[in-house]
Amino acid sequence: MREYATLSHMSLISPQVPESKYYLPHHCVHKLDSTSTKLRVVFDGSAKTATGLSLNDILHSGPTIQPKLFNTLVRYRFFKVALSGDICKMYRCVRVSHPDDYLQCILWRENEADDIKTYKLNTVTYGTKPAAFLAIRAMHQLAIDEEENFPLGSKVVRRDFYVDDMLSGGNTIAEVEEIRHQVTALLKKGEFLIRKWCSNDPDALRDVPAEDCETLLKFHDGTDVTKTLGLTWDPQSDNFIFSFTPIDDWKVVTKRSILSSIARLYDPLGLIGPVITKAKMFMQHLWKLNLQWDESLPQSLHSLWIEYISKFDLMHRFTFPRHVSMASASLQIHGFCDASLAAYGACVYVRSQFNSVIKSELLCSKSRVAPLKTLTVPKLELSAACLLAELIDTVVKSLDFHCEIHCWSDSMVVLSWLRELPSNFNVFVANRISRIQSYGTRITWHYVPTKLNPADILSRGATPGELLHSSLWKGGPNFLLNEASNWPDTASYVDDLPERRRHVLLTTSLTDLSIQLPIPKY
């Protein structure tokens, strides 16, 4: 709180001022993995007043105006030279106008001997519902106002920021330096200070003062890493690294503790998707048993979970390259989908060719556990194909280039469905066929044998050890490293398809064909 007073982010007021006031409770939070502010103040805008309402109850959160986290991370993987930064105390850079600032009052004293005083917070405050929207909207407006002076910086500010974190980059050192200079100058116009710069290439930061560079953390194996929107990134090797911190006390395993463990597996890109899928399948099984949140598991399930979670010490050995090569005139995107009775999923690979060298790299994946309502395998396979089409569409919209798109499924029923008109089938199938076809004709669908389908691993789930030794998951099937003429041939399509809509024809017949005309009345 002393920092607030020093930077004029709060002002001493008299409790007797006539303006309507709201007092924000506040407390401290320790964030040990932060490289800057390890002790932070959190304000509670949801604290109820005597009326039964809180400040957040009468405020709107505002619309989402920034790119989604998934889109930002996908785009970040295509920059050869990465550049990340962080706006210092972003919310405090945006002032709240009078008299709304009186709705952010606090009680404070420097020590116990002093009298309690009333202050009002003059800037956007963390803990109030519209805080994120107000700060982001102010930054976007600044980018719009300064677009003529900083065209590249304006584009990056609106495209490559997720709240106060910037994840951007370029193909050359010169391009990245220009981005850094323009973004810094643009944000300075609005008194936004960006620092904690980090890059996989030290030359991109050669003129940045040491105090403005990111302070790297020590990973357990001695590697210098930093957190990039929650992902652990090693700038030197330019790899994403995964880790898992187990719950200290495993004496009592409950549905609550298992859900907490699954939540610790932070993987927004789905790079270790099969491991998380297997954990979610276990969690769904607990839901079917109608166990209470803090009820002990049956001994068989308890032992099964302990055996599974004990294998997570291998998690730190998972590394995935941040940069996915796109330096190719023949860049292709390949998506695979598959389903089992327990789950279904889709994964996307980028195939690039430079001279005679062909590479295939995992870009992202998504999975869903099968619904509790039993569906047939073809319906689940179609749901997986729909998930893949949506994932491909998200990836394409996140990028600034066009390329060939190939999707693969090991279900000939699904591939046959996609060749038909949606109106020929029942509602469930028709809706999903229509949704897949709505993504355009750019997608070419192929058949892939199950044993060559990496999405099969995703739909069945895998332990960390199984996934660690799976080359099929990390790089996709080996046929992607060959020319298109050596890819699997399409199997024969299915004519007698399930879920086809039945057409009923009703006819009538007349036994008396004589026609009697009415006699007119005069």
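How each quantity is defined
Residues numbered from 1 in each chain as written. Predicted model: local features only at pLDDT ≥ 70, side-chain atom pairs only at ≥ 80, totals over all residues. Heavy atoms only, no water. Phe/Tyr/Trp six-rings, centres within 6.5 Å; stacked < 30°, edge-to-face > 60°. Buried < 20%, exposed > 50% of the residue type's maximum accessible area, 1.4 Å probe, protein only. Lys NZ or Arg CZ within 6 Å of the ring centre and 35° of its normal. Pairing = 2+ DSSP bridges. Helix = DSSP H or I, 4+ residues; strand = E, 2+ residues; numbered from the N terminus. Axes fitted to C-alpha atoms, helices over the stretch in contact; angles between N-to-C directions. Contact = heavy atoms within 4.5 Å. pLDDT = per-residue confidence, 0-100. Polar contact = N/O pair within 3.5 Å; in protein donor to acceptor, adjacent residues only side chain to side chain. Left-handed = near helix turned anticlockwise from the far one by under 90°. Parallel < 35°, antiparallel > 145°, perpendicular 65-115°, else oblique. Nonpolar A, V, L, I, M, F, W, Y, C, P; charged D, E, K, R; others polar. Salt bridge = Lys/Arg side-chain N within 4 Å of Asp/Glu carboxyl O.

Glancing now at the packing of aromatic side chains. When we look at a pair of aromatic rings, we describe it by the centre distance and by the angle of the planes. Scanning the entire structure with this criterion turns up 12 aromatic pairs. Geometrically, the ring pair formed by Trp287 and Trp293 is edge-to-face, given 5.6 Å between the ring centres and 90° between the ring planes. The exposure class assigned to Trp287 is partly exposed, which follows from its relative accessible area of 44%. Among the aromatic residues, those joined into a cluster by ring pairs are Phe336, Tyr349, Trp408, Phe479 and Trp487. We note Arg419 situated over the ring of Tyr493; from NZ or CZ to the ring centre the distance is 3.9 Å.

This part takes up the sheet that holds strand S16 (residues 343-354). The strands making up a sheet are joined through hydrogen bonds of the backbone, oriented either antiparallel or parallel. If you trace the five strands from one edge of the open sheet to the other, you get S17-S16-S15-S18-S19, paired in mixed fashion. Only two strands of the sheet have a single partner each, and these edge strands are strand S17 (357-369) and strand S19 (443-447). Each adjacent strand pair in this sheet contributes to an overall mean axis angle of 20°, direction not counted. Sitting on the sheet, helix H7 (residues 273-288) touches S16 and S17, and the angle it makes with S17 is about 15°.

Here Lys451 is to be found in the loop between S19 and helix H12 (455-460). On a C-alpha basis, the gap between Lys451 and Met326 in space is 28 Å, while along the polypeptide they are 125 residues apart.

Taken over all residues, the pLDDT of the protein chain has a mean of 89, while the share at 70 or more is 92%. Least confident of the elements in the protein chain is helix H1 (residues 2-6), whose mean pLDDT is 39; most confident is helix H5 (residues 173-188), at 97. The model gives residues 1-7 a pLDDT under 50, and that stretch makes 15 contacts with residues more than four places away or in other chains.

To continue, consider unusual backbone geometry. Cis peptide bonds are those with omega within 30 degrees of zero, and the linkage from His98 to Pro99 qualifies with 5°. Note on placement: Pro99 falls in the loop between strand S4 (81-87) and strand S5 (105-108). For Asn290, which is not glycine, the phi torsion reads 60° and is therefore positive. If you check the backbone angles, Glu499 has positive phi at about 65° while not being a glycine.

This part is about the side chain of Ser168. Mapped onto the fold, Ser168 is located in strand S8 (residues 165-170). A polar atom in the side chain of Ser168 sits 2.7 Å from the side chain of Asp160. Ser168 has contacts with Tyr76, Phe79, Val81, Ala82, Leu83, Val156, Arg159, Asp160 and Ile179, leaving out every residue within four places of it along the chain.

Quick look at the packing of helix H2 (residues 69-76) against helix H9 (residues 377-398) now. Where H2 meets H9, the closest approach of the two axes is 9 Å, and the angle between their N-to-C directions is 60°. Along this stretch, H2 crosses H9, giving a crossing that reads as right-handed. Residues Phe70, Asn71, Val74 and Arg75 of H2 touch H9, and the partners they reach there are Leu391, Thr394, Val395 and Ser398.

Another aspect to go through is the sheet that holds S5. If you trace the three strands from one edge of the open sheet to the other, you get S1-S6-S5, paired in antiparallel fashion. With one partner strand each, in any of the chains shown, strand S1 (10-13) and S5 form the two edges of the open sheet. Between one strand axis and the next, the sheet turns by 40° as a mean value, whatever way the strands run. Summarising the sheet, S5 and strand S6 (residues 117-121) pair through four bridges and their orientation is antiparallel. Across the sheet, residue Ile106 finds its bridge partner in S6, namely Tyr119.

Another point: the packing of helix H4 (residues 151-159) against H5. Viewed as axis vectors pointing N to C, H4 and H5 meet at an angle of 80°, and their least axial separation amounts to 8 Å. Put simply, H4 runs roughly perpendicular to H5. Between H4 and H5, the contacting residues are Pro151, Leu152, Gly153, Ser154, Val156 and Val157 on the first element and Glu178, Ile179, Gln182, Val183, Leu186 and Leu187 on the second. Considered class by class, the residues forming the contact of H4 with H5 number eight nonpolar, three polar and one charged.

Let us now look at the pattern of salt bridges. Using the criterion set out here, one finds 16 salt bridges in the structure. One salt bridge connects Asp160 with Arg75, and the closest N-O pair in it is separated by 3.1 Å. Of the two residues, Asp160 sits in the loop between H4 and strand S7 (161-162) while Arg75 sits in helix H2, which places them 85 residues apart along the sequence. Here Asp160 matches Arg75 in class, with each residue buried. For the salt bridge of Arg322 with Asp238, the shortest nitrogen-to-oxygen distance reads 2.7 Å. Linking Arg322 in the loop between strand S14 (319-321) and strand S15 (332-339) with Asp238 in the loop between strand S12 (231-234) and strand S13 (239-241), this pair joins segments that are 84 residues apart in sequence. Classification of Arg322 by relative accessible area gives buried; the value is 0%. Here the salt bridges share partners, and the residues they tie into one network are Arg75, Arg159 and Asp160.

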